Amino acid sequence: MNSKATELVAPHFVQRCIEHDCGHTFELERPIYTCSVCNGLLDITWTDIPKQDLNVLRSLWSNRKTSTDSRDQSGVWRFRELLPFAQNVDVISLKEGNTPLYDARKSASYCNLDALRLKHQGANPTGSFKDTGMTVAVSQACVLSARLVACASTGNTAASLAAYAARADLPCAILVPTGQVSHAKLAQALDYGARVLEIEGNFDSCMRLIRELSEHGSLYLVNSINPFRIEGQKTVAFELVEQLGWEAPDHLVVPGGNLGNSSAFGKGFRELLELGLIQKMPRISVVQAVGASPFAKFFLSHSNDPANLQFADESHPTTLASAIKIGAPVSWKKAWRAVDETNGTVLTVTEQEIADAKAIIGRDGIGCEPASATTVAGIRKLRAQDLIKADEHVVAVLTGHVLKDTDYVIGYHNKSLSSDTEGLLKSNFNNAPIAVTGGRDQLQAVLTSLYKG
Ligand code: F0G
């Protein structure tokens, strides 16, 4: 099919403050990250629900997968009717998205579920879910003629921004906490040519600094507080539903750090429901590491006292899942909206639970980085409490590739993984290398012991 011939009219979009008693709107061209009236977070919203023929839309998006147009080959831009850009915009893309949805039998059995599906965002060009948002944020940076793009990062945003900035030929500055980013992620950012600025402190200190600096001057901030990032990441909900034959799962489980990803899934599913492309929202649940769990604490105190809407940052977050070592998540209100409106939950898992779940995901031949494994650990817990039924349709979002943090993997399998809070972890599913001494006969004996059956 010639996709140009069927291109549909895109709706009109604005940036809108999410605070109910404010709701101010701003034009898309305004490079702001929060409401200039009340400081609330911003959503990008359409001004009236686009009236599209749903069958035409579905087949247009699906047919683009076989097109040679570079926008069509992106799993983000093939949904461009629902993105806030002119249809002929030049996009900065690395053919992100279109990531696999795997059936994971060993993980399902570990969670005591009939089936479990893993949406692997680690299969993106830089190995994490950040790419789906970054293609949109960096494309917007170009629309705005930004002179410098910047972010704070625990590593994946850094790697992703560095790559997209290189594609766009834009200077790029990245703030990371000294010594707290995995070598693999740092290596990516350096290789793609970003200027990496190491800061004493943690991710939250980096985030605070860069936000302050972005209020003045002309740097363009592309952390997930930037609503254009969320626009890209929301398309993962579209793609997932498409992979499921245009049905939402019963339950979607995501890791929670700065809380942009859970916010984006909430927005994506909400838009699908508004358009009539799905009939129900999935429950959206967020899992945090117990040592870095301000959102889970908020959820608990709000559940105990619904009048309590106070969010307390954590000043010393700690977890070996360094991607989500975050105590002051900027998007908590949007993530809360996603959890609340879908009747989801927020829970914590221990370092031990994360490490074991990660090893099981590996045994499915899939693998992921530690932060991603919070999902399977969390699902196991929810299942044990009967908060998920065995026959429910559950999808866990894996956010990063297994090679993002190999020190962690080797530490686990060598039984030397140790956390500040839990000490030396047990390597319940360890698989250490076997040192074969002697010669051919010894090697043969080892190989024989490995035969199946
Ligand atoms: N999983 C991975 C692998 C991540 O890198 C992150 C966040 C998250 C989960 C949490 O997602 O922040 O949207 O709730 N990494 C950011 C970074 C903070 O700088 O790379 P979130």
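Structure first, text after, so check above.
Residues numbered from 1 in each chain as written. Predicted model: local features only at pLDDT ≥ 70, side-chain atom pairs only at ≥ 80, totals over all residues. Heavy atoms only, no water.

Trainee: Tell me about the site of the ligand, and please be specific about residues and values.
Mentor: The environment of the ligand is formed by 19 residues, the closest being Ser153, Thr154, Asn258, Leu259 and Thr399. The side chain of Ser153 places a nitrogen or oxygen atom 2.8 Å from an oxygen atom of the ligand. Between the ligand and Thr157, the relevant distance is 2.8 Å, taken from an oxygen atom to a main-chain nitrogen or oxygen of the residue. Protein chains shield 99% of the accessible area of the ligand, which is 480 Å² for the free molecule. Going through the elements one at a time, α4 (156-168) and α8 (260-275) are the ones with two or more residues in the shell around the ligand. Its residues assigned to classes, the shell around the ligand shows six nonpolar, eleven polar and two charged. (Near = heavy atom within 4 Å. Polar contact = N/O pair within 3.5 Å; in protein donor to acceptor, adjacent residues only side chain to side chain. Areas by Shrake-Rupley, 256 points an atom, 1.4 Å probe, with all protein chains shown as cover. Helix = DSSP H or I, 4+ residues; strand = E, 2+ residues; numbered from the N terminus. Nonpolar A, V, L, I, M, F, W, Y, C, P; charged D, E, K, R; others polar.)

Trainee: If you had to explain the sheet that holds strand β3 (residues 42-46) to someone new, which residues and values would you point to?
Mentor: Pairing is antiparallel across the open sheet formed by three strands, whose spatial order is β2-β1-β3. Sheet topology places β2 (25-26) and β3 at the edges, where each strand pairs with a single neighbour. Bridge count between strand β1 (residues 13-17) and β3: five bridges; the pairing is antiparallel. When the bridges of β3 are listed, Cys17 appears paired with Leu42. (Pairing = 2+ DSSP bridges.)

Trainee: How would you sum up α4? Please name residues and give values.
Mentor: Between its first and last C-alpha atoms α4 spans 18 Å; for 13 residues at 1.5 Å apiece the expected length is 18 Å, and the two agree. The element α4 is largely enclosed, with a buried count of eleven among its 13 residues. What α4 keeps buried is the set Asn156, Thr157, Ala158, Ala159, Ser160, Leu161, Ala162, Ala163, Tyr164, Ala165 and Ala168. Summarising the contacts, the buried residues of α4 are in contact with α3 (130-143), β6 (148-152), β7 (172-177), α5 (183-191) and α7 (227-243). (Expected span 1.5 Å × (residues − 1). Buried < 20%, exposed > 50% of the residue type's maximum accessible area, 1.4 Å probe, protein only. Contact = heavy atoms within 4.5 Å.)

Trainee: Provide a residue-level description of the packing of α8 against helix α10 (residues 332-341), including the pertinent values.
Mentor: Close contact between α8 and α10 brings their axes to 7 Å; oriented N to C, the two are set at 50°. As far as their axial angle goes, α10 and α8 are oblique. Of the two elements, α8 crosses α10, and the hand of that crossing is left-handed. Residues Ser262, Ser263, Gly266 and Arg270 of α8 touch α10, and the partners they reach there are Lys334, Ala335, Arg337, Ala338 and Glu341. Classifying every residue of the contact of α8 with α10 by side-chain character gives two nonpolar, three polar and four charged. (Axes fitted to C-alpha atoms, helices over the stretch in contact; angles between N-to-C directions. Parallel < 35°, antiparallel > 145°, perpendicular 65-115°, else oblique. Left-handed = near helix turned anticlockwise from the far one by under 90°.)

Trainee: Tell me about the packing of aromatic side chains, and please be specific about residues and values.
Mentor: Using the criterion set out here, one finds 16 aromatic pairs in the structure. Judged by centre distance (5.5 Å) and plane angle (70°), the ring pair of Phe79 and Phe238 falls under edge-to-face. In this pair, Phe79 is assigned in the loop between α1 (54-63) and β4 (101-103) and Phe238 in helix α7, connecting sequence segments 159 residues apart. The pair Phe79 / Phe238 is uniform in exposure class, with both members buried. On the numbers, 5.2 Å between centres and 85° between planes, the contact of Phe298 with Trp336 is edge-to-face. Remark: Trp336 occurs in helix α10 and Phe298 occurs in helix α9 (residues 294-304); sequence separation between them is 38 residues. Of the two residues examined, Phe298 and Trp336, each falls in the buried class. In textbook terms, an aromatic cluster arises when at least three aromatic residues are bridged by ring pairs, as seen for Phe295, Phe298, Phe299, Phe311, Trp332 and Trp336. The aromatic ring of Trp246 is capped on one face by Arg58, whose charged end is 5.8 Å from the ring centroid. (Phe/Tyr/Trp six-rings, centres within 6.5 Å; stacked < 30°, edge-to-face > 60°. Lys NZ or Arg CZ within 6 Å of the ring centre and 35° of its normal.)

Trainee: Give me the lowdown on the side chain of Thr235, citing residues and values where you can.
Mentor: Within the secondary structure, Thr235 sits in helix α7. Residue classification places Thr235 among the buried residues on the basis of a relative accessible area of 1%. Setting aside residues no more than four positions away along its own chain, Thr235 makes contact with Gly75, Val76, Phe79 and Leu83.

Trainee: For the environment of Gly327, give the residues involved together with the corresponding values.
Mentor: One can find Gly327 in the loop between α9 and α10. According to the relative accessible area criterion, Gly327 is buried, its value standing at 0%. Separated by 35 residues in the primary sequence, Gly327 and Ala292 have C-alpha atoms spaced 5.9 Å apart. Apart from residues lying up to four places away in sequence, Gly327 is in contact with Asp204, Pro294, Asp313, Glu314 and Pro317.

Trainee: Account for the side chain of Ser128, with residues named and values stated.
Mentor: For Ser128, the position within the fold is in the loop between β5 (117-120) and α3. On the accessibility criterion, Ser128 (0% relative accessible area) is buried. For Ser128, the residues in contact, after removing those within four places along its chain, are Gln121, Gly122, Asn156, Thr399, Gly400 and Lys404.

Trainee: Explain the sheet that holds β6 residue by residue, including any values.
Mentor: Reading across the sheet, the four strands line up as β8-β7-β6-β9 and stay open at both edges, with parallel pairing between neighbours. In this open sheet, the two edge strands, each paired with only one partner strand, are β8 (195-199) and β9 (219-221). On average, each strand axis in the sheet is inclined to that of its neighbour by 25°, with strand direction left out of account. Here helix α6 (residues 203-215) sits on the sheet in contact with β6, β7, β8 and β9, set at roughly 135° to β9.

The values are spatial; any link to function lies outside them.
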